[in-house]
Every structure is written in C-alpha cells, then in structure tokens.
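Close look at the chain arrangement
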Amino acid sequence: MAASSQQLSHLLVFFLLVLSCLVGAATAGSTMQCHEDDEAALLAINEALGSPYHFASWTPDTFCCDWYDVDCDNATGRVVGLSVLGDGNVTAASIPGDAIANLTSLKTLVMHRLPGLTGVIPESLSQLTSLTNLTISYTGVSGGIPAFLSQLTELALLDLSFNSLTGAIPAELADLPALATIDLSRNRLEGPIPSLLLSKYAGEDSVSLSLSHNNLSGGVPSGFAAVSFTYLDLSRNSLAGDPSAAVFGKGKPLLHLDLSRNDFRFSLTAVEVPEGVTYLDLSHNAIRGRVPAQVADLAGLTQFNVSYNKLCGVIPTGGVMAKFDAYSYQHNKCLCGTPLPACHRYML
C-alpha cells in the first residue's frame, strides 16, 4: 500500500511538471503572436517584391513571428528583424520603403544578394529610429548614399557594399555616435573620405571600415589617428598623400590594413606597424624607404605585400619573413636580399 501511494505521488509530480511545461509553452506561444500592424506590413512587403518563393511561409493563417526571415521580440511580439537573403526570384523590384517603415520596432534590416532589387534607397527608411543594422548589399540599388541615414541614431552597422551607388560619401554619416562598422566597398563612389567619419564613435566595439573598389580621392583623414580600427580597407581607389600618421602606430588594435592600388607617397622606413597586424597590403603605390626590421617580429602576420612601390635596401630576415616569397616584394626600386637576389653595394 505504501509503495502504491509512493507511485501515485510520483505520477502526480510528473503530471504537474507536464502541465507546467504545457502552460509555459502556451504562454510563450501567445507572446509571439505578432502585432497586426507588423503582419500587414510584411504582407505588403511580400506583395511589393512579387511574392517570391522565398516568402512561401508568409501566409495569414500562421503567426508572422514564425515566418521565414522574420525575427520577433520574445516579450512584445513585435518584429525586430527582417533578413531577405539570396533570392533570385525578386526581379525588377525597388525597396518597398513605405511598407518596411511600418515595422516600427525594426532593429535589423538585411537585404542581401538580391540582384533584381533596383532603384534608390527610399527616404522612408529614416523612420526606422530603432535600427541598429542596415545591410543592403549585392543588389542593383543605385543613386547616392542618402544623407538622411544620419537620422538613424542607433545605427551600429551600415553595409551598402556591392551595389551601383554613386556620388560622394555624405559627411552626415559622421554624426552617428553608435556607428562602428561601415562597408561601402564595390560601388562607384567618388570624392573625399569625410574628415570626421567614425570620429564620434565612443563605444567599446572594434571599428571596421571598408571603402575598397571605388573612385575616392584626396587623402586619409588625420582624424583616423584617433579611431581604434581593427579593420581598414581603402584599396583600389585614387587616394593620395601620406596616411602613415593616421593609420600606423604602436599600440593600435589594427589587425587588417589594405592600402593597395592607390597613389600614397610616404617613407616606410620609420613606420611603426601595430603589433597585432595579421594582414598588411601596401602594394601598387609610390612608397619609398626600407621595409622596417620590426615587420619580422609581427608574430601573427600571414599576408604581407609591398610590391610595385619605390622601396630600397635589404629585406629583413628572421621571424615571420620566411613566409613571404618574391611576389611580396617584386617591382620595387632596389629591394634586395632573400627572397630577392643578393644585394650589391649600391643598393645598401
């Protein structure tokens, strides 16, 4: 009888646990019933983009928080993330800005690898005042980078790479205090780099800037010296001048630096390369002087290229230098020593 009572007690505990889990699941599910305004906005986005197969799960008979590419806040049920990725069925469509702007709690908007997406970046996106991540990349979007993006004061990441954007980088982007990551590479941008770009960022996250493969001109802003870059790619532009004081220096957190294929002119001899650099490409410029002996001590360096410059003197040896072959040094004025031919007296 005692054993039977003990069994009943265990069954009762088990039943209560199962009931608790079911109630918890139902409660959690109820919080994910998306807001009717968000559902209406998403259905309008679907229609504007031609109801692509990518959105096959977007049907009114299911909660929109369960729809593919949609993220909701667990507490409020409001849509906070929309990521439309890699759908070739989106053809001849522009960004449905008015519908997207109705997702008033949106924090992340990603439109990536949509070659059929065309037109300009709509001004209605400026209404998304909670947005922290704006990615419109690998699309057919054209026109200029709009200055109204400076109204997105919470923005931390801006990726507009691999589009057909033209014109200048708006100086107003420098007004964004949380912006730590910018990728505007592979467009048709021209003009100077805004002098105060990223200068107002006061956060603790790493700072990343990629402006490669454009037609930017002028010099590197002196204010970059105070920016804690970990990633900086200015390659394949028409930039000029001496960027050494702005980008190099002992103690900086820089890991990746690409200044290749510009018209930079400075002496490399006395430059102090940040100790943690893993990628350094200075090729195809007009850099003079010698390769600093310090480069050999950069333990993490895996990519090093100073080819097509005006460097002279003996290439340092030891440390990491054995990793790099003649390709890293070719077409300079008078560099010599391993892995290039031996030095003659006039080269020293």
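Position numbers for residues count from 1 along each chain, tracking the sequence in the order it is written. Only residues with pLDDT of at least 70 get local features here, since the model is predicted, and only at 80 or more are side-chain atom pairs given and counted; chain-wide, interface and lining totals rely on the full set of residues. Side-chain calculation: all heavy atoms of the structure are included, whereas hydrogens and water are not.

**Considering the pattern of salt bridges**
Basic side-chain nitrogens of Lys or Arg form a salt bridge, by our definition, when they fall within 4 Å of a carboxyl oxygen of Asp or Glu. Taken as a whole and assessed by the stated rule, the structure comprises three salt bridges. Salt-bridge contacts for Arg78 lead to Asp38; the nearest nitrogen and oxygen are separated by 2.9 Å. You can see Arg78 sitting in the loop between β1 (70-72) and β2 (79-85) and its partner Asp38 sitting in helix α2 (residues 36-48), a full 40 residues away along the chain. For the pair shown, Arg78 and Asp38 are each scored as buried. Comment: elements are numbered from the N terminus, with helices defined as DSSP H or I runs of at least four residues and strands as E runs of at least two. Each residue is placed in one exposure class: buried if its accessible area under a 1.4 Å probe, protein chains only, is under 20% of its type's maximum, exposed if it is over 50%, and partly exposed if it falls in between.

**Considering the state of the cysteines**
Note on terminology: pairs of cysteine sulfur atoms within 2.5 Å are recorded as disulfides. A full pass over the atoms with the stated rule returns four disulfides. Here Cys34 is linked by a disulfide to Cys64, with a sulfur-sulfur distance of 1.9 Å. Taken together, the residues Cys34 in the loop between α1 (2-31) and α2 and Cys64 in the loop between α2 and β1 connect sequence positions 30 residues apart. In terms of burial, Cys34 and Cys64 fall into one category: buried. Disulfide pairing is shown between Cys336 and Cys343; the S-S distance is 2.0 Å. On the sign convention where negative is left-handed, the bridge of Cys336 and Cys343, at about 95° about the S-S bond, is right-handed. Classification of Cys336 by relative accessible area gives buried; the value is 0%. The connectivity of the disulfide bonds within the chain can be written as 1-2, 3-4, 5-6, 7-8, using the sequence rank of each bonded cysteine.

**A word on the nonpolar core**
Residues enter a nonpolar core if they are buried and are Ala, Val, Leu, Ile, Met, Phe, Trp, Tyr or Cys, with the set joined through side-chain atoms within 4.5 Å. Core analysis: the largest hydrophobic core is formed by 94 residues, its most contacted members being Leu42, Leu82, Leu209 and Phe304. Two residues form a contact once any of their heavy atoms are found within 4.5 Å. With residues up to four places along the chain from it excluded, the contact list for Leu42 reads Trp58, Cys64, Trp67, Val70, Val79, Leu82 and Leu103.

**A closer look at the UniProt feature "domain: Leucine-rich repeat-containing N-terminal plant-type" (unreviewed entry) in the chain**
UniProt positions are given in the numbering used here, feature names are shortened, and annotations may be inferred rather than shown by experiment. The feature "domain: Leucine-rich repeat-containing N-terminal plant-type" (unreviewed entry), as annotated in UniProt, sits at residues 35-73 in this numbering. Helix makes up 33% of residues 35-73 and strand makes up 8%, while its end C-alpha atoms are separated by 11 Å.

**Concerning the confidence of the model for the chain**
Averaged over all residues, the pLDDT of the chain is 90; the fraction at 70 or higher stands at 90%. Low pLDDT, under 50, characterises residues 1-31; the predicted model gives this stretch four contacts beyond four residues in sequence or across chains. pLDDT: the predictor's confidence for each residue, scored from 0 to 100.

**Things to note about the sheet that holds strand β13 (residues 215-218)**
In short, DSSP must find at least two bridges between two strands for them to pair. The strand order across the open sheet built from six strands is β7-β9-β11-β13-β15-β17, with neighbouring strands paired in parallel fashion. One side of each edge strand has no neighbouring strand; the edge strands of this open sheet are β7 (142-144) and β17 (263-264). Strand direction decides the pairing type here: β13 and strand β15 (residues 238-241), joined by two bridges, are parallel. Paired with Ser217 across the strands is Ser238, a residue of β15.

**Considerations on the sheet that holds strand β22 (residues 334-336)**
Across the sheet, which stays open at both edges, the three strands sit in the order β19-β21-β22 with parallel pairing between neighbours. Lying at the two open borders of the sheet, with one neighbouring strand each, are β19 (288-289) and β22. Two elements, strand β21 (residues 310-314) and β22, share three bridges in a ladder whose sense is parallel. Following the sheet pairing, Gly313 is matched in β22 by Leu335.

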